[in-house]
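Below are the chains, spelled out letter by letter.
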Amino acid sequence: MSANTRPTGQPSQTYDSAFLKACRREPVPHTPVWFMRQAGRSLPEYRKLREGTQMLESCMRPDLVTEITLQPVRRHKVDAAIFFSDIVVPLKAIGVDLDIKPGIGPVVAQPIRRREDLAQLRDLTPEDVSYVTEAIGMLTGELGATPLIGFAGAPFTLASYLVEGGPSKNHEHTKALMYGDPELWADLLDRLAEITSAFLKVQIEAGASAVQLFDSWVGALAPADYRRSVMPASAKVLESVASYGVPRIHFGVGTGELLGLMGEAGADVMGVDYRVPLDEAVRRVGPGKALQGNLDPAVLFSTTQAVEAKTDEVLAAAAGLEGHVFNLGHGVLPTTDPDALTRLVDYVHTKTQR
């Protein structure tokens, strides 16, 4: 049974949390809040804990994963924890030769450009990521009634790293492959969908109460290309975990033109970046889904009064939604003052108290 299913008799600890109620579009005691990249690089206690430990190693040590995941919950009193990991962890776990370079991001030793390169991508088994299962077991014991969000990178974003060999502004190799060899592209995304599905299942079965599929780079695509070349793989991932009954959140950056299509891919909650107001986003997504977002992360560098004014705008735009999870419209920026985040959580909770 998943952590989000109401068992017979006593309800599970997380089922009646404000976060899961909002995801299910049920009445909430207050608007729930969490932040993408909420442990991030903004907490001094996070930086201290990570000293001398590479990013990927941090993601594979259950003791570090547990402590880093808990830090923002303790400090900010957010309504949900996001599992500390990285979208390339499942690729590393199946043996892809990659590393996360400080200041650059994931770098792949042998980019996938030809059919024979697909051999790098074998199936993911729970044994490959036993440290994830162990960490989630430790976390759910510590978190109690606070839900834990598992996550994975969506097939397009993983493919873009694998094809480019690292981060890219223009995705020229990715698009060249997508347009020039659509059959190889489809096989690549399908294989990544299988790996991503397996990674999410491990997290849910270990105790995650919700999952988020991050498609960080998909905003680089036109709607027709998304529908034809990407949406089937994302839909496959979201469908693969539907039977668990946990809310599925889908988020991408710069995806205002894709919101309707991304919603069609099958998520229960659509994440919205800061470029589209939530009252406009709901028109694009349509009924039957909760929305998540969407304060501009840069606003947190302004005055408290300015942060509150912009937060009021987000809350006003969310007033007519079936369900709303407050979040930033992208991840926490590394130099954000942690106290600004703590004040923001308190402000949203106070302002929306029912």
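For the protein, an unreviewed UniProt entry supplies the name Uroporphyrinogen decarboxylase and the organism Streptomyces nojiriensis. Under the UniProt heading Function (unreviewed entry), the entry covering the protein gives this text: "Catalyzes the decarboxylation of four acetate groups of uroporphyrinogen-III to yield coproporphyrinogen-III." Taken verbatim from the UniProt record of the protein, the Subunit (unreviewed entry) comment is "Homodimer."

Draft legend 1. Quick peek at the pattern of salt bridges. Applying the stated criterion across every chain, the model contains 21 salt bridges. Between Arg 75 and Glu 45 there is a salt bridge; the shortest N-O distance is 2.9 Å. Residue Arg 75 is found in helix H4 (residues 62-76), and its partner Glu 45 is found in helix H2 (residues 44-50); the two are separated by 30 residues along the sequence. In this structure Glu 45 comes out as partly exposed when scored by relative accessible area, which is 25%. In this structure, the salt-bridge partner of Glu 67 is Arg 74, at a minimum N-O distance of 2.8 Å. Each of Glu 45, Arg 75 and Asp 339 takes part in salt bridges that share partners, so that together they form one network.

Draft legend 2. Looking closely at the pairing of strand E3 (residues 105-108). Pairing geometry for strand E2 (residues 98-101) and E3, over four bridges, is antiparallel. Its bridge partner being in E3, Asp 99 is matched across the sheet by Val 107.

Draft legend 3. How the structure looks around the UniProt feature "binding site: substrate" (unreviewed entry) in the protein. Under the feature "binding site: substrate" (unreviewed entry), the UniProt entry names Arg 37, Gln 38, Ala 39, Gly 40, Arg 41, Asp 86, Tyr 161, Ser 216 and His 330. A maximum C-alpha distance of 23.2 Å among these annotated residues, which run over 294 residues, shows that they spread across the structure rather than meeting at one spot. Checking the annotated residues one by one, the ones that line the largest pocket turn out to be Arg 37, Gln 38, Ala 39, Gly 40, Arg 41, Asp 86, Tyr 161, Ser 216 and His 330. Residue classification places Ala 39 among the buried residues on the basis of a relative accessible area of 7%. When residues no more than four places from it in sequence are discounted, the contact partners of Ala 39 are Tyr 46, Ile 68 and Pro 72.

Draft legend 4. How the structure looks around the sheet that holds strand E7 (residues 269-271). Reading across from one edge, E1-E4-E5-E6-E7-E8-E9 is the order of the seven strands in this open sheet, with parallel pairing throughout. One side of each edge strand has no neighbouring strand; the edge strands of this open sheet are strand E1 (81-82) and strand E9 (324-325). The sheet strands contacting helix H9 (residues 182-206) are strand E4 (148-153) and strand E5 (210-215), and the helix crosses E4 at an angle near 170°.

Draft legend 5. Region of interest: the nonpolar core. Phe 19, Leu 121 and Leu 188 are the most contacted members of the largest nonpolar core, which totals 124 residues. Sorting elements by how many residues they give to this core places H9 first, with 13 residues. If near-sequence neighbours (up to four positions away) are discounted, Leu 121 is found in contact with Leu 91, Ile 94, Val 96, Ile 112, Leu 162, Leu 188, Arg 191, Leu 192 and Ile 195.

Draft legend 6. Main features of the side chain of Gln 292. Within the element layout of this structure, Gln 292 appears in strand E8 (residues 290-292). A polar contact is formed between the side chain of Gln 292 and the side chain of Gln 212, at a distance of 3.1 Å. What Gln 292 contacts, discounting residues up to four positions off in sequence, is Trp 34, Gln 212, Ile 249, Val 269, Met 270, Gly 271, Val 272, Val 325 and Asn 327.

Draft legend 7. Seen up close, the UniProt feature "domain: Uroporphyrinogen decarboxylase (URO-D)" (unreviewed entry) in the protein. With numbering matched to this structure, UniProt assigns "domain: Uroporphyrinogen decarboxylase (URO-D)" (unreviewed entry) to residues 32-41 and 149-165. Helix makes up 0% of residues 32-41 and strand 0%. Its end C-alpha atoms lie 22 Å apart. From the first C-alpha to the last, residues 149-165 spans 28 Å; its make-up is 59% helix and 29% strand.

Draft legend 8. View of the packing of helix H7 (residues 155-164) against H9. Running from N to C, H7 and H9 point in directions that differ by 115°, and their axes come no closer than 9 Å. The way H7 lies across H9 gives a crossing that is right-handed. Across the interface between the two elements, Pro 155, Phe 156, Leu 158, Ala 159, Leu 162 and Val 163 of H7 pack against Trp 185, Leu 188, Leu 189, Leu 192, Ala 193 and Thr 196 of H9. Residues of the contact of H7 with H9, tallied by class, amount to 11 nonpolar, one polar and no charged.

Draft legend 9. Broad picture of helix H14 (residues 304-317). Spanning 14 residues, H14 covers 20 Å between terminal C-alpha atoms, matching the ideal 20 Å at 1.5 Å per step. Buried residues of H14: Val 307, Thr 311, Val 314, Leu 315 and Ala 317, and no others. Down the axis of H14, the sector holding all buried residues measures 160°, keeping them to one side. Exposed and oriented more than 90 degrees from the buried face of H14 are Gln 305 and Ala 316.

Analysis parameters
- Just so you know, the residues in each chain are numbered from 1, in the order the chain's sequence is written.
- Owing to the predicted nature of the model, reporting of local features is limited to residues with pLDDT of at least 70; listing and counting of side-chain atom pairs is limited to 80 or more, with chain, interface and lining totals taken over all residues.
- To obtain the side-chain values, all non-hydrogen atoms of the structure were used and water was disregarded.
- UniProt positions are given in the numbering used here, feature names are shortened, and annotations may be inferred rather than shown by experiment.
- We define a salt bridge as a contact between a side-chain nitrogen of Lys or Arg and a carboxyl oxygen of Asp or Glu at a distance within 4 Å.
- For the purposes of this entry, the term helix denotes a DSSP run of H or I that reaches at least four residues, the term strand denotes a run of E that reaches at least two, and both are numbered from the N terminus.
- Three exposure classes are used, based on accessible area relative to the maximum for each residue type with a 1.4 Å probe and protein chains only: buried under 20%, partly exposed in between, and exposed over 50%.
- When DSSP finds at least two bridges between two strands, those strands are taken to pair.
- Note on definitions: the grid is 1 Å and covers protein atoms alone; a cavity is a set of points where a 1.4 Å probe fits but cannot get out; a pocket is an open set with protein on both sides within 12 Å along at least five of seven lines; lining residues have an atom within 4 Å of a point.
- In what follows, residue pairs with any heavy atoms lying within 4.5 Å of each other are defined as contacts.
- Angles shown run from 0 to 180 degrees and are taken between the N-to-C directions of axes, each axis being a line fitted to C-alpha atoms and, for helices, limited to the stretch in contact.
- To form a nonpolar core, buried Ala, Val, Leu, Ile, Met, Phe, Trp, Tyr and Cys residues must be joined to one another through side-chain atoms within 4.5 Å.
- By the criterion applied in these results, polar contacts are pairs of N or O atoms within 3.5 Å in which, for protein atoms, one can donate a hydrogen and the other can accept it, and in which residues neighboring in sequence qualify only through two side-chain atoms.
- Take the far helix as the reference: if the near one is turned anticlockwise from it by less than a right angle, the crossing is left-handed, and if turned clockwise, right-handed.
- Classification convention: Asp, Glu, Lys, Arg as charged; Ala, Val, Leu, Ile, Met, Phe, Trp, Tyr, Cys, Pro as nonpolar; all other residues, Gly among them, as polar.
- A helix is expected to span 1.5 Å for every residue after the first.
- The arc in question is the one traced by the directions running from the helix axis out to the C-beta atoms.

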